[in-house]
Amino acid sequence: MQFGAFEIHALPEGRFTVGADKVFVPYTDGDPPRPGTLFVAISPFLVRTPSDTLLLDAGLGEYAVGRGTDFLMEGLARHGVTREAVTKVLLSHLHFDHAGGCVATVHNEARPTFPNAEYVVQRGELTAPYEGTSDEARSRVVDALDREGQLVLVEGDGFLTDEIEHVHTGGHSRDHQLYRLHTAGLVVLFGGDVVPTPGQVQRRFVAKYDHDGARSQDWRTRLAQEAALDGHLALFYHSTEALAGFIDEVAGGFRVEPVDV
């Protein structure tokens, strides 16, 4: 969709079944169920601004069973974008389902997927408590980006450019951040895993998978109120239904009016 001076496209990688083993298996309607798993969707976003070609989080990449970064490249190509054209990858955090697509294996070595991009992340994410596959993926991603001089570390809240605001939230991971993208008095809100789905806007809960679930819920309430008051467009990385929408405050809570991106 066109929103102010921005052109916004979802790049859905599809739905996956995920169990306690944290293995993401692509799911197609009609596939047999995998006992003990949940459905999770993954969708990075492409945002073209007057000065940048942005990617909001980077998908699973090689961390999805049977997949690689080619899947993300095909999504970008549908909108006429090459890997060389991406100027910034804005990362909410470094869990593998958000940062896996940052790198790809080339001649048995992890290399940045987007050779001309700055990859932006909170400095604290480099040492935040991770475990399992996310810990391994973080090391692989950070080492490759640092080696090529493409890793940009930010601390706390601030502006990268007049268009790009980063806000340290914590909550889902210790040093998770969200982004507000500013255009002509309008704001695009990308909440990463603090606001990953419309359903999480519409109900209050504390998630066991968050580093600090109460902090995440406090941020969701604050962001929903802000979006409802100021008309922000929210993007939902893990939604199995609406990938974007406007938030309205209603009796007893909030609702999301979906829009297509």
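Located above this text is the structure these notes cover.
So, a few notes on the structure that sits alongside this text. Just so we're clear, the structure is a prediction, and the values are computed from it rather than from any experiment.

1. Some details on the sheet that holds strand β19 (residues 253–258)
(1) Moving on: Spatially, the seven strands line up as an open sheet ordered β13-β14-β15-β16-β17-β18-β19, and their pairing is mixed. This sheet does not close on itself; its edge strands, each paired only once, are β13 (158–159) and β19.
(2) Moving on: Relative to strand β14 (residues 164–168), β13 runs antiparallel, the two being bridged by two bridges. Residue pairing in the sheet places G158 in a bridge with H166 of β14.

2. Some details on helix α5 (residues 213–230)
(1) Moving on: Here α5 spans 26 Å end to end across 18 residues, near enough to the 26 Å set by a 1.5 Å rise per residue.
(2) Moving on: Every buried residue of α5 is listed here: G213, S216, Q217, W219, R220, T221, L223, A224, E226 and A227.
(3) Moving on: Turning to α5, the residues buried within the fold contact β14, β15 (177–183), β16 (186–190), α4 (198–202), β18 (244–250) and β19.
(4) Moving on: G231 lies just past α5 and shows a positive phi near 75 degrees.

3. Details of the packing of aromatic side chains
(1) Moving on: For the coordinates displayed, the defined rule picks out seven aromatic pairs.
(2) Moving on: Between F16 and F24 the ring centres are 6.0 Å apart and the planes differ by 65 degrees, which places this aromatic pair in the edge-to-face class.
(3) Moving on: Taking relative accessible area as the criterion, F16 reaches 0% and is therefore assigned buried.
(4) Moving on: Look at F24 and you get buried, because its relative accessible area is 6%.
(5) Moving on: One aromatic cluster is present, formed by F16, F24, Y63 and F96 through successive ring pairs.
(6) Moving on: The ring of F205 is capped by R203, whose NZ or CZ atom sits 4.4 Å from the centre of that ring.

Parameters at a glance
Residues numbered from 1 in each chain as written. Predicted model: local features only at pLDDT ≥ 70, side-chain atom pairs only at ≥ 80, totals over all residues. Heavy atoms only, no water. Pairing = 2+ DSSP bridges. Helix = DSSP H or I, 4+ residues; strand = E, 2+ residues; numbered from the N terminus. Expected span 1.5 Å × (residues − 1). Buried < 20%, exposed > 50% of the residue type's maximum accessible area, 1.4 Å probe, protein only. Contact = heavy atoms within 4.5 Å. Phe/Tyr/Trp six-rings, centres within 6.5 Å; stacked < 30°, edge-to-face > 60°. Lys NZ or Arg CZ within 6 Å of the ring centre and 35° of its normal.

Honestly, that's just the spatial picture; any functional story needs more than this.
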